[in-house]
Structures are given as C-alpha cells and as structure tokens.
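# A look at the structure
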Amino acid sequence: MSAPRRLIVNADDFGLTPGVTRGIVRAHLSGIVTATSLMVLEPAAPYAARLSSYVPSLDIGLHVTAPATGGDGAWPIALRHQLVRFYALLGRPPTHIDSHHDVHRTPAAAPYFERVARQLGVPLRGASAARPFSRFYGQWGGESHPEHLAADNLLRLIDDHVGDGWTEMNCHPGVVDGDLRSSYVTEREVELATLCDPAVRLGLDARGIRLAGFRDLTGLAA
C-alpha cells in the first residue's frame, strides 16, 4: 500500500517587497501556498512580520541570503545574524530553513546550515523527509516562459514529480510593485494567478494529494 502524498507549497522571498509579501499572503489565503520563507535583511521584512500575525496558519521559515564578503568563514556569522534578526522580527524560531538561490547547498555553506537546522529541530530544504521540487519556474535561457506556469502545466509537473510521502514545491508568487528589483518580475503575478486557480486545488484533491506545512512534517518527525 503506497504512502499518502503530502505537498508543502513554499513561497520564497517573503519580505522582498511589500507587493511580493502581499502576493504570498494572498496565495496562502486564496490558493495552495502553505509556507513561506522570510528574507530578514530586506527593507520590507518588518512589514512581512507584521502581516504574518494575521495569517497564523502560514508556516514561516528563514530564507538566508549569502554574505556579501568574507569568504567561506563568513557563513557562521551570516547565519547567526539572520537567525537573530528572524527572532527579533517574529519572536519565535523559523518553521524551516532554506536560502536564496539554494546557496545553502554549496560545500562551503552546507555544514553550517545542517548544524543550525539540527539544533533548531526544523527541516532544511534538500535535507529533510520532504523531497525538493523546483520545476515550477517561468524563466530560463534568458527568456520568460509564462506558459510553463499555467494551471494545467503545474498539474502535469505535479504528476511527474510528486510521489509518495512528502514533497516541498518552492514557488515565487507576488504582486509587482515599484520596489521590486529582480530579474523575475511579471512571472510572479502569473504564478500568483495559477496558485490561486481553483482548478489547481481541485486537481490536487482528485489526485489524493494533501496540502501540508513544515509544522506537520516536524510534528511527524517528533
């Protein structure tokens, strides 16, 4: 008998800008997003922290950004600084840890991330029971591919990549505003529309896929 399929939908870049932050909250309240990861060093991080108090059902993790200088030895300092900032903003530990552009998977950074995640007892992307699934992205080869973000294609991707047990799908929804400085712009609003499309939720139900959060995964492990 196969194990149930549980899907964590984690939105990166919480706190990047007010628009991106509002879009993520909308994708949780009206769509399938169950978790998000906070960029604590961005100007909109305090706004994201305030907004999070209205959505207690949304898991909030730490989205670590790489240190600007200092070489490999800067990682412990950067991690500690951003974790302390997370506590200052939210008053609690993160529900999970990941990083911008998955820099935590580099050999120089991985041991420090693994140690912090182990000490906190929280999942680390790519090093937990939830398999990472990052194919829901609308840009490659220097070109935008909004068609890849359509609801029917997302369900095809889920058919191909969401198996038995736990899967984490990361995504980047948001509302574009004047503060956004990113190469990934209009695709964020396409993602937002797809993640809130009722056809996607119905498609998950039809496939027997249950939406879950990192707190569910941590509770199971405990």
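Residues numbered from 1 in each chain as written. Predicted model: local features only at pLDDT ≥ 70, side-chain atom pairs only at ≥ 80, totals over all residues. Heavy atoms only, no water.

### Side note on the side chain of threonine 36
With respect to the helices and strands, threonine 36 occurs in strand β2 (residues 35-38). Side-chain polar atoms of threonine 36 contact the backbone oxygen of alanine 11, separated by 2.7 Å. Once you skip the residues sitting within four places of it in the chain, threonine 36 turns out to touch Asn10, Ala11, Phe14, Ile24, Leu58, Asp59, Ile60, Gly61 and His96. (Helix = DSSP H or I, 4+ residues; strand = E, 2+ residues; numbered from the N terminus. Polar contact = N/O pair within 3.5 Å; in protein donor to acceptor, adjacent residues only side chain to side chain. Contact = heavy atoms within 4.5 Å.)

### A closer look at the packing of aromatic side chains
Working definition: an aromatic ring pair is given by the centre-to-centre distance plus the angle between the planes. Evaluation of the coordinates by the stated rule reveals 2 aromatic pairs. Here the aromatic rings of tryptophan 75 and phenylalanine 113 are separated by 5.3 Å at their centres, their planes lie at 65 degrees, and the arrangement is edge-to-face. Of the two residues, tryptophan 75 sits in helix α3 (residues 75-90) while phenylalanine 113 sits in helix α4 (residues 110-120), which places them 38 residues apart along the sequence. Owing to a relative accessible area of 7%, tryptophan 75 belongs among the buried residues under this scheme. Aromatic pair tyrosine 137 and tyrosine 184: ring centres 4.2 Å apart, planes at 5 degrees, arrangement stacked. In this pair, tyrosine 137 is assigned in the loop between β5 (130-133) and β6 (139-140) and tyrosine 184 in the loop between β8 (165-171) and α6 (186-195), connecting sequence segments 47 residues apart. (Phe/Tyr/Trp six-rings, centres within 6.5 Å; stacked < 30°, edge-to-face > 60°. Buried < 20%, exposed > 50% of the residue type's maximum accessible area, 1.4 Å probe, protein only.)

### Details of the side chain of threonine 65
Relative to the helices and strands, threonine 65 is located in the loop between β3 (59-64) and α3. The contact partners of threonine 65, leaving out residues within four places of it in the chain, are Met39, Leu41, Trp75, Gln82 and His100.

### Regarding the pattern of salt bridges
Two side chains with opposite charge may pair up if their charged atoms get near one another. In total, this model carries 9 salt bridges according to the counting rule given. Where arginine 188 meets aspartate 13, a salt bridge forms, and the shortest distance between an N and an O atom there is 3.1 Å. You can see arginine 188 sitting in helix α6 and its partner aspartate 13 sitting in strand β1 (residues 5-14), a full 175 residues away along the chain. Take arginine 188 and aspartate 13: they sit in the same class, and that class is buried. For aspartate 102, the salt bridge is made with arginine 125, and the minimal N-O distance between the two is 3.4 Å. In this pair, aspartate 102 sits in the loop between β4 (97-99) and α4 while arginine 125 sits in the loop between α4 and β5, placing the two residues 23 residues apart along the sequence. (Salt bridge = Lys/Arg side-chain N within 4 Å of Asp/Glu carboxyl O.)

### A few points about the state of the cysteines
As enumerated under the stated definition, the model contains 0 disulfides in all. No disulfide involves cysteine 171; its sulfur sits 10 Å from the nearest other cysteine sulfur, which is in cysteine 196. On the basis of relative accessibility, which here comes to 0%, the residue cysteine 171 falls in the buried class. (Disulfide = S-S within 2.5 Å.)

### Observations regarding the pairing of β1
The buried fraction of β1 amounts to 9 of the 10 residues, a majority that puts the element mostly inside the structure. Examined bridge by bridge, β1 and β8 share 7 bridges and lie parallel to one another. Across the sheet, the residue bridging to arginine 6 is tryptophan 166, located in β8. Across 4 bridges, the pairing between β1 and strand β9 (residues 209-212) is parallel. Residue pairing across strands places arginine 6 opposite arginine 210, the latter belonging to β9. Where β1 lies against β2, 3 bridges are found, and the strand directions are parallel. (Pairing = 2+ DSSP bridges.)

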